[in-house]
There are 4 protein chains.
Amino acid sequence: MSSTWGTNIKLSIFGGSHTEAIGVVLDNLPANEKIDLDAVRMQMARRAPGKDKTATTRAEADEPQILSGLLNGITTGAPLAAIIQNTNTRPKDYSLLKTHPRPGHADYTASIRYDGANDIRGGGHFSGRLTACLVFAGAVCRQILERRGVTVGAHALQIGAAKDSAFDPVHVSADVLNALNTRFFAVNEAVAEQAMRDEIENARLDADSIGGVIECAAVGMPAGIGSPMFGGVENILASILYGIPAVKGVEFGAGFGVSALRGSENNDAFYYGEDGHVYTETNHAGGILGGITTGMPIVFRVAVKPTPSIGKIQNTVDLLEKKNDTLTVVGRHDPCIVPRAIPVVEAAAAIALLDMML
Amino acid sequence: MSSTWGTNIKLSIFGGSHTEAIGVVLDNLPANEKIDLDAVRMQMARRAPGKDKTATTRAEADEPQILSGLLNGITTGAPLAAIIQNTNTRPKDYSLLKTHPRPGHADYTASIRYDGANDIRGGGHFSGRLTACLVFAGAVCRQILERRGVTVGAHALQIGAAKDSAFDPVHVSADVLNALNTRFFAVNEAVAEQAMRDEIENARLDADSIGGVIECAAVGMPAGIGSPMFGGVENILASILYGIPAVKGVEFGAGFGVSALRGSENNDAFYYGEDGHVYTETNHAGGILGGITTGMPIVFRVAVKPTPSIGKIQNTVDLLEKKNDTLTVVGRHDPCIVPRAIPVVEAAAAIALLDMML
Amino acid sequence: MSSTWGTNIKLSIFGGSHTEAIGVVLDNLPANEKIDLDAVRMQMARRAPGKDKTATTRAEADEPQILSGLLNGITTGAPLAAIIQNTNTRPKDYSLLKTHPRPGHADYTASIRYDGANDIRGGGHFSGRLTACLVFAGAVCRQILERRGVTVGAHALQIGAAKDSAFDPVHVSADVLNALNTRFFAVNEAVAEQAMRDEIENARLDADSIGGVIECAAVGMPAGIGSPMFGGVENILASILYGIPAVKGVEFGAGFGVSALRGSENNDAFYYGEDGHVYTETNHAGGILGGITTGMPIVFRVAVKPTPSIGKIQNTVDLLEKKNDTLTVVGRHDPCIVPRAIPVVEAAAAIALLDMML
Amino acid sequence: MSSTWGTNIKLSIFGGSHTEAIGVVLDNLPANEKIDLDAVRMQMARRAPGKDKTATTRAEADEPQILSGLLNGITTGAPLAAIIQNTNTRPKDYSLLKTHPRPGHADYTASIRYDGANDIRGGGHFSGRLTACLVFAGAVCRQILERRGVTVGAHALQIGAAKDSAFDPVHVSADVLNALNTRFFAVNEAVAEQAMRDEIENARLDADSIGGVIECAAVGMPAGIGSPMFGGVENILASILYGIPAVKGVEFGAGFGVSALRGSENNDAFYYGEDGHVYTETNHAGGILGGITTGMPIVFRVAVKPTPSIGKIQNTVDLLEKKNDTLTVVGRHDPCIVPRAIPVVEAAAAIALLDMML
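Let me sum up the structure you'll find in this document. (Residues numbered from 1 in each chain as written. Chains lettered and ligands numbered in written order. Predicted model: local features only at pLDDT ≥ 70, side-chain atom pairs only at ≥ 80, totals over all residues. Heavy atoms only, no water.)

## Some words on the interface of chain B and chain A
Part 1: With 101 residues of chain B at the interface, the matching set in chain A holds 101 residues.
Part 2: Ranking the residues of chain B by area buried against chain A places Phe230, Lys248 and Tyr272 of chain B at the top, with a combined share of 11%.
Part 3: The tally of links from chain B across to chain A stands at six salt bridges.
Part 4: Among the ionic pairs, Arg262 of chain B bridges to Asp208 of chain A, the shortest N-O distance being 3.9 Å.
Part 5: For the interface between chain B and chain A, the tally reads 42 residue pairs in polar contact (both at pLDDT 80 or more).
Part 6: The leading source of residues in the side of chain B that touches chain A is strand S11 (residues 247-252) of chain B, at six residues.
Part 7: Across three bridges, the pairing between strand S11 (residues 247-252) of chain A and S11 of chain B is antiparallel. Bridged to Gly249 of chain A within S11 of chain B is Glu251 of chain B. (Contact = heavy atoms within 4.5 Å. Buried area = accessible area lost by both parts, 1.4 Å probe. Salt bridge = Lys/Arg side-chain N within 4 Å of Asp/Glu carboxyl O. Polar contact = N/O pair within 3.5 Å; in protein donor to acceptor, adjacent residues only side chain to side chain. Helix = DSSP H or I, 4+ residues; strand = E, 2+ residues; numbered from the N terminus. Pairing = 2+ DSSP bridges.)

## Points about the relation of the copies chain B and chain A
Part 1: Its rotation angle being 180°, the transformation that places chain B on chain A also includes 0.0 Å of axial translation and leaves an RMSD of 0.0 Å. Expressed as an axis order, the relation between the two copies is that of a two-fold axis.
Part 2: Of the interface residues in chain B, 100% have counterparts in chain A that sit at the interface too, so the contact is made through matching surfaces. (Least-squares fit on C-alpha atoms with pLDDT ≥ 70 in both.)

## Some details on the pattern of salt bridges
Residues and elements named next belong to chain A.
Part 1: Scanning the entire structure with this criterion turns up 80 salt bridges over all chains.
Part 2: With a closest N to O distance of 3.6 Å, Asp325 and Lys323 form a salt bridge.
Part 3: Asp325 sits in the partly exposed class, given a relative accessible area of 26%.
Part 4: Taking relative accessible area as the criterion, Lys323 reaches 39% and is therefore assigned partly exposed. (Buried < 20%, exposed > 50% of the residue type's maximum accessible area, 1.4 Å probe, protein only.)

## A few points about the packing of helix H1 (residues 37-47) of chain C against helix H3 (residues 131-147) of chain C
All names here are of chain C.
Part 1: The interhelical angle for the contact between H1 and H3, taken along N-to-C directions, is 145°, at an axis separation of 9 Å. Relative to H3, H1 is oriented so that their crossing is right-handed. Listed contacts from H3 to Ala39, Val40, Gln43, Met44, Arg46 and Arg47 of H1 are Thr131, Ala132, Val135, Phe136, Ala139, Val140, Arg142 and Gln143.
Part 2: Within the contact of H1 with H3, the residues separate by chemical class into eight nonpolar, three polar and three charged. (Axes fitted to C-alpha atoms, helices over the stretch in contact; angles between N-to-C directions. Left-handed = near helix turned anticlockwise from the far one by under 90°. Nonpolar A, V, L, I, M, F, W, Y, C, P; charged D, E, K, R; others polar.)

## Re the packing of aromatic side chains
Part 1: Under the counting rule described, the total for this entry stands at 22 aromatic pairs over all chains.
Part 2: Chaining the aromatic ring pairs together yields one cluster made of Tyr242 of chain A together with Phe252 and Phe300 of chain B. (Phe/Tyr/Trp six-rings, centres within 6.5 Å; stacked < 30°, edge-to-face > 60°.)

## Some words on the nonpolar core
Part 1: Core analysis: the biggest nonpolar cluster contains 175 residues, and Leu11, Leu237 and Phe300 of chain C together with Leu11, Leu237 and Phe300 of chain D have the highest contact counts within it.
Part 2: With near-sequence residues (within four places) excluded, Leu237 of chain C lies in contact with Phe252, Ile298, Phe300, Ala349, Ala352 and Met356 of chain C.
Part 3: If you look at the next biggest cluster of nonpolar residues, it comprises 173 residues, including Phe185, Phe230 and Met356 of chain A together with Phe252 of chain B. (Core = buried A, V, L, I, M, F, W, Y, C linked by side-chain atoms within 4.5 Å.)

## Notes on helix H6 (residues 233-241) of chain C
Part 1: In terms of burial, H6 of chain C is a largely internal element, nine of the nine residues being buried.
Part 2: Within the span of H6 of chain C, buried status applies to Val233, Glu234, Asn235, Ile236, Leu237, Ala238, Ser239, Ile240 and Leu241 of chain C.

## Quick word on the pairing of strand S3 (residues 21-27) of chain C
Residues and elements named next belong to chain C.
Part 1: Counting buried positions over the seven residues of S3 gives seven, a clear majority of the element.
Part 2: Residue alternation in S3 divides its side chains into two sets, Ala21, Gly23, Val25 and Asp27 and Ile22, Val24 and Leu26, and both sets are buried.
Part 3: In the sheet, strand S2 (residues 10-14) pairs with S3 via five bridges, with the strands oriented antiparallel. Bridge pairing in S3 places Ser12 opposite Val25.
Part 4: Counting the residues in the hairpin turn of S2 and S3 gives six residues, including Gly15, whose phi is positive at 110°.
Part 5: Note: S3 against strand S7 (residues 80-85), six bridges, orientation antiparallel. Its bridge partner being in S7, Leu26 is matched across the sheet by Leu80.

## Some points on unusual backbone geometry
Backbone geometry follows two general trends: most residues other than glycine have a negative phi, and most peptide bonds adopt the trans configuration.
Part 1: With a phi angle near 70°, Asn32 of chain A is a residue other than glycine that sits in the positive phi range.
Part 2: Within the secondary structure layout, Asn32 of chain A lies in the loop between strand S3 (21-27) and helix H1 (37-47).
Part 3: You will see that Asn28 of chain B, though not glycine, has its phi angle at about 75°, which is positive.
Part 4: As for its placement among the helices and strands, Asn28 of chain B is situated in the loop between strand S3 (21-27) and helix H1 (37-47).

## Details of helix H3 (residues 131-147) of chain D
Part 1: In this model, H3 of chain D (17 residues) spans 24 Å end to end at C-alpha, consistent with the 24 Å of a helix rising 1.5 Å per residue.
Part 2: In terms of burial, H3 of chain D is a largely internal element, 15 of the 17 residues being buried. (Expected span 1.5 Å × (residues − 1).)

## Topic: the sheet that holds strand S4 (residues 65-68) of chain C
Part 1: The five strands are arranged S1-S2-S3-S7-S4 (chain C) in an open sheet whose pairing can be described as antiparallel. Of all the strands in the sheet, just strand S1 (4-5) and S4 of chain C have a single pairing partner and so form its edges.

## Topic: the packing of H3 of chain D against helix H8 (residues 338-357) of chain D
All names here are of chain D.
Part 1: Two elements in contact, H3 and H8, have axes separated by 7 Å at closest approach and are oriented at 50°. One way to sum up the angle between H3 and H8 is to call them oblique. At the point where H3 passes H8, the crossing takes the left-handed sense. Contact residues: Thr131, Leu134, Val135, Ala137, Gly138, Cys141, Arg142, Ile144 and Leu145 in H3; Pro343, Val344, Glu346, Ala347, Ala350, Ile351, Leu353, Leu354 and Met357 in H8.
Part 2: Classifying every residue of the contact of H3 with H8 by side-chain character gives 14 nonpolar, two polar and two charged. (Parallel < 35°, antiparallel > 145°, perpendicular 65-115°, else oblique.)

## As for the state of the cysteines
Part 1: One pass over the full model with this rule turns up zero disulfides over all chains.
Part 2: Here Cys336 of chain B stays unpaired: no disulfide links it, and the sulfur of Cys216 of chain B, its closest cysteine neighbor, is 17 Å away.
Part 3: Free cysteine: Cys216 of chain D, not disulfide-bonded; nearest cysteine sulfur from Cys141 of chain D at 14 Å.
Part 4: According to the relative accessible area criterion, Cys216 of chain D is buried, its value standing at 0%. (Disulfide = S-S within 2.5 Å.)

## Focus on the sheet that holds strand S2 (residues 10-14) of chain D
Residue and element names in this part refer to chain D.
Part 1: Read from one edge of the open sheet, five strands run S1-S2-S3-S7-S4, paired in antiparallel fashion. Two strands close off the open sheet at either side, each with one partner strand: strand S1 (4-5) and strand S4 (65-68).
Part 2: Here S4 runs beside strand S7 (residues 80-85); their pairing, made up of three bridges, is antiparallel. By the bridge assignment, Ile66 is partnered in S7 with Ala82.

## A closer look at the environment of Gly23 of chain A
Residues and elements named next belong to chain A.
Part 1: Along the chain, the position of Gly23 falls in strand S3.
Part 2: Accessibility expressed as a relative area gives 0% for Gly23, which makes it buried.
Part 3: Among residues more than four places away in sequence, those in contact with Gly23 are Ser12, Ile13, Phe14, Ala82, Ile83 and Cys133.

## What about the side chain of Ser259 of chain A?
Part 1: If you trace the backbone, Ser259 of chain A turns up in the loop between S11 and helix H7 (263-266).
Part 2: Every residue in contact with Ser259 of chain A, bar those within four places of it in the chain, is listed here: Gln158, Ile159, Gly160, Ile210, Gly211, Gly212 and Val213 of chain B.

See the structure below:
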């Protein structure tokens with residue numbers, strides 16, 4: 001199913017870049033949970049466009065309007081639904097794309113999939129704008145998670161050639177994550193942010209875009225969450241993370257780095273901590289063994305491709321005339337989606353982790 | 001759900017390393033499809049243990065016994081069920097593991113998850129042996145896929161420091177894949193196999209193990225398969241691939257490499273081929289845009305961690321005495337799971353691609 | 001999952017009687033389908049309150065606002081979402097019910113289920129008002145179904161002691177159903193309507209309510225739709241029909257009447273019609289054998305309980321004081337929900353049948 | 001999905017009347033639950049053929065062979081799989097049915113659905129024999145349920161014109177149910193059994209069959225289980241009960257009887273019992289309000305059609321010659337399936353109730 005996700009929670013997302021509104025329904029949330037809407041708005045502001053010159057200049061208030069599921073700020077147990085009006089739309093920017101699909105974008109595949117009936121305006125349902133719904137849902141879920149002792153945070157690990165220092169997968173803490181998960185352009189080291197901004201600005205000046213990697217961690221997950229085979233934490237997280245447009249890779253713990261490791265290096269030795277709990281000395285597993293949490297931090301990374309909408313002239317086809325042609329994409333686009341995608345990755349993780357804990 | 005997977009096809013896998021049998025049910029397969037059981041056995045032989053000194057010496061016939069769903073070699077439309085007897089079991093090898101969980105293995109997390117009732121013998125339901133069921137199911141699905149023009153194949157891209165050449169993501173063909181997908185230890189270049197075998201042998205001589213990367217491609221998938229957001233080809237493939245024990249990363253097309261790419265480099269320009277179909281000049285997308293197939297080859301890679309069961313002494317805990325201890329794993333184990341995992345990755349891909357095509 | 005339904009289509013319903021809005025999302029509808037919104041409004045008008053003295057006097061415009069999924073009246077393939085504002089709410093009517101649950105209503109069970117956090121206003125998410133969302137979704141689905149040759153219609157078969165003639169399960173036709181499925185208070189025989197209105201009026205004058213039975217048929221379903229065991233047409237229809245508040249029974253074809261039948265009476269003999277198609281002489285099966293359509297009309301009946309909200313004094317408990325008490329329900333309620341439930345049953349059937357055809 | 005069911009538990013059933021074996025997988029059962037296999041066998045014996053002259057003379061040992069999921073009689077948390085060999089098959093009885101579908105049976109619809117590839121032998125996957133798998137699964141689930149205080153039992157309420165007394169929906173107790181749920185041909189009143197046996201014998205002597213109604217109750221379910229709309233106890237129970245071949249109706253509490261009731265009659269008044277718990281004075285709701293359990297007994301009835309396989313000559317078609325023809329069904333068949341279906345209904349209820357409690 002395309003836009004519905006979840007096992008214990010059921011998430012449904014609707015809308016397109018230029019429809020009247022976008023929205024989200026969260027079914028089967030626990031009842032009697034207090035939701036701080038200011039904290040939700042803060043998360044949404046981290047993702048919202050128009051805040052920073054690394055991002056599109058399309059300005060949207062992105063104020064979520066709660067339609068149901070909250071009463072006096074408390075979840076009622078009924079589906080929590082919210083919509084966000086689309087106000088700042090410029091439909092005329094997209095008129096050419098119906099016949100001239102943008103390379104790297106879903107214009108062509110959507111046209112085939114939906115028999116040409118897809119809404120091309122702003123990318124329609126494939127627009128990154130839909131991630132505002134994910135952030136809303138994640139902002140709700142993370143509050144419920146935090147009440148259960150789980151904290152999620154992420155940072156830009158790499159943009160182009162610029163790199164941030166990685167999380168310490170053993171010692172990353174709620175404090176570290178809380179310092180990140182309220183920021184725009186979260187990084188562990190300030191110097192990395194400047195280098196990354198330089199990469200983005202250089203791409204922007206070239207009418208181009210640039211990709212990156214986001215690293216995310218969750219601490220406080222108890223051991224024993226998840227299931228073998230297809231019910232593993234990796235499966236569940238990947239199944240939602242790949243729902244974020246532009247994600248082309250997901251890896252856990254040592255990830256692709258395991259290919260160069262010996263078992264004796266990769267295995268995380270168990271030991272009893274002073275508190276009588278079992279820990280691992282290292283955490284190459286990213287907190288997951290056999291699909292099930294070990295109690296150590298969950299650590300994963302997602303690869304984010306460069307925004308396909310760039311100002312350079314590109315080769316494409318004319319689907320109407322059935323001939324090759326060129327295209328110069330106009331409109332407002334992010335030269336790098338990574339900074340705004342950080343809260344989206346956190347949100348997706350929060351939704352998935354809560355789904356598994358319930 | 002742990003051991004059940006699928007949307008249009010429903011796959012259910014059961015059994016453990018040392019239970020009476022392992023087995024698999026495939027519900028909702030198309031009816032009236034001829035299944036060549038010799039071809040199924042050939043795929044299973046590629047994964048079977050005891051064939052090669054890179055693998056465990058546990059010898060299993062791995063003969064699938066069809067219980068239902070086939071009549072005179074034709075699918076009836078009713079659930080196709082098969083079991084594989086476990087014959088060559090040595091339960092005494094595993095007696096210590098109930099209290100001394102193996103680092104890197106699911107012993108500890110399973111014990112927490114299942115309240116100590118998990119079957120520890122041979123890793124129980126977490127054993128790599130369960131992948132024989134995946135291969136059976138995949139071998140059935142790939143025959144149906146091939147009849148629809150889709151071919152799947154994979155190779156060892158990397159083991160330790162040894163690397164094979166990658167697929168050409170634009171030109172990889174059914175011929176290339178067919179030459180790989182019947183082989184044990186499939187590689188594109190023979191020289192790579194030798195270097196990889198050396199890596200494995202060195203690890204084995206050190207009582208250690210080594211990880212790797214498997215690259216898989218599928219050609220012939222028509223454009224327009226898959227859905228946006230959570231119904232994307234990446235989501236669906238990842239959700240089954242992470243069900244293969246030891247997989248710690250999944251990436252599509254340029255994968256994590258996108259982080260260093262500009263949009264102008266990563267975007268795949270469209271053009272009309274001489275046959276009047278739309279192609280892309282490059283294929284950084286791995287054949288998937290917006291979660292939907294482009295018609296170009298689907299290309300992805302999975303990271304396979306080094307087998308956690310190694311002969312070296314390791315630090316672990318004694319869960320009974322609640323103290324730190326050491327463990328030397330005995331039993332028969334693969335120094336590298338990559339060669340045997342190649343057909344497993346192909347099988348998982350075949351199941352997922354057929355599920356999406358139906 | 002409570003408010004999400006479907007296999008090929010995914011239906012998500014949200015809202016409560018007194019929330020800002022109620023709404024519905026239909027994911028995975030076929031693309032490129034023209035939807036006539038006037039026809040949708042007409043179906044919603046059949047269910048809307050305030051139209052008839054058999055129904056509550058709460059007047060609601062029930063104008064659906066399309067948020068996404070339609071472009072120029074054509075489905076885009078993206079989720080179709082619509083909301084209906086709640087305008088005519090009287091929250092003060094319900095203040096007592098938090099402590100004094102109405103007999104026959106979900107006040108008590110919701111309070112337990114949701115730890116007292118449930119929205120009691122107007123029954124919250126349990127309100128019959130949510131069926132407006134079902135009717136919207138069904139009105140969309142039936143247009144797509146009609147284009148595939150399937151017509152759905154229903155009538156009040158019984159209200160109290162008053163009975164309408166049943167459908168002829170062999171000969172019921174699209175014409176018969178089309179004459180019913182645009183009417184308020186649809187019956188086969190006009191005389192039945194008057195008798196039923198008398199039953200309702202008598203109940204209303206007694207500050208009471210009355211139950212009934214709705215019979216529904218679908219013609220034009222091709223043979224071969226549905227699956228054995230849990231994927232049968234009966235399973236799928238029942239799983240959505242019991243989502244209509246007040247439904248306490250669902251039966252297909254001869255239904256509970258089979259208990260008094262011999263096999264020789266109940267079996268429907270096959271024969272070839274003049275058009276070369278296979279038909280059955282009778283249709284005790286209600287068009288379904290082994291969970292799969294026969295091609296004959298699908299016929300089923302649902303039992304609708306009397307509205308629990310009645311004006312009579314009733315025994316209940318005071319959950320706060322933990323003592324027995326009495327309650328007189330005030331507010332605006334239907335003395336009989338059957339007439340307004342007819343289009344709801346049709347809608348649920350249309351959603352389910354389309355889901356199975358896709 | 002045809003033969004897979006469940007939300008928290010995942011049930012997968014495979015096999016046909018004449019395949020090598022039939023079998024069942026139960027995924028996600030709670031771990032560490034002791035399962036008494038003798039109690040399981042006792043339940044299976046209640047359904048097994050050849051025990052009574054009301055039933056088919058096909059004798060099957062129906063001994064379940066556990067393949068995985070139990071270790072020393074304790075659930076491991078891994079999928080519990082069992083198979084039952086098909087030993088006493090007579091394939092030649094069914095040779096004609098491929099072209100001459102039996103009226104009232106799935107032969108015709110399966111042929112359309114599966115493009116003629118369906119296994120016609122003994123009804124294939126549509127055979128009532130598959131209910132042995134349901135009984136196995138239910139026998140496991142009911143042991144887990146009983147440990148949580150829930151008891152399920154059923155009886156033949158009606159066969160032809162013969163009727164048993166109904167359960168007292170308020171006072172039916174675990175003792176009453178336990179006295180029934182180990183018996184073959186369970187009834188509340190011994191006199192009813194004799195009348196029912198007479199009905200069956202008369203049908204058998206006429207080479208005919210007879211239908212009936214089974215009433216089932218579950219006591220001990222706590223209040224607050226289930227969800228609104230599509231997650232209601234009625235929806236969930238109906239979705240599995242219609243998976244039992246021959247079921248054509250399902251009703252809860254007063255069921256279709258609500259059509260003649262006033263709200264003042266049908267509403268169940270709440271009161272505080274001496275133990276401080278909330279009860280209802282009557283139980284027309286069958287223990288379910290708004291889809292959620294009230295804590296009162298759950299009571300429902302299923303209509304069971306007369307076995308379609310009868311010895312009389314019947315009209316049917318010749319699908320090969322495309323002409324009308326007649327058929328006399330040979331083979332061994334039950335003149336009434338009701339007695340053997342009683343434990344099947346209990347089993348389905350047990351599976352569904354456990355699924356909802358987890």
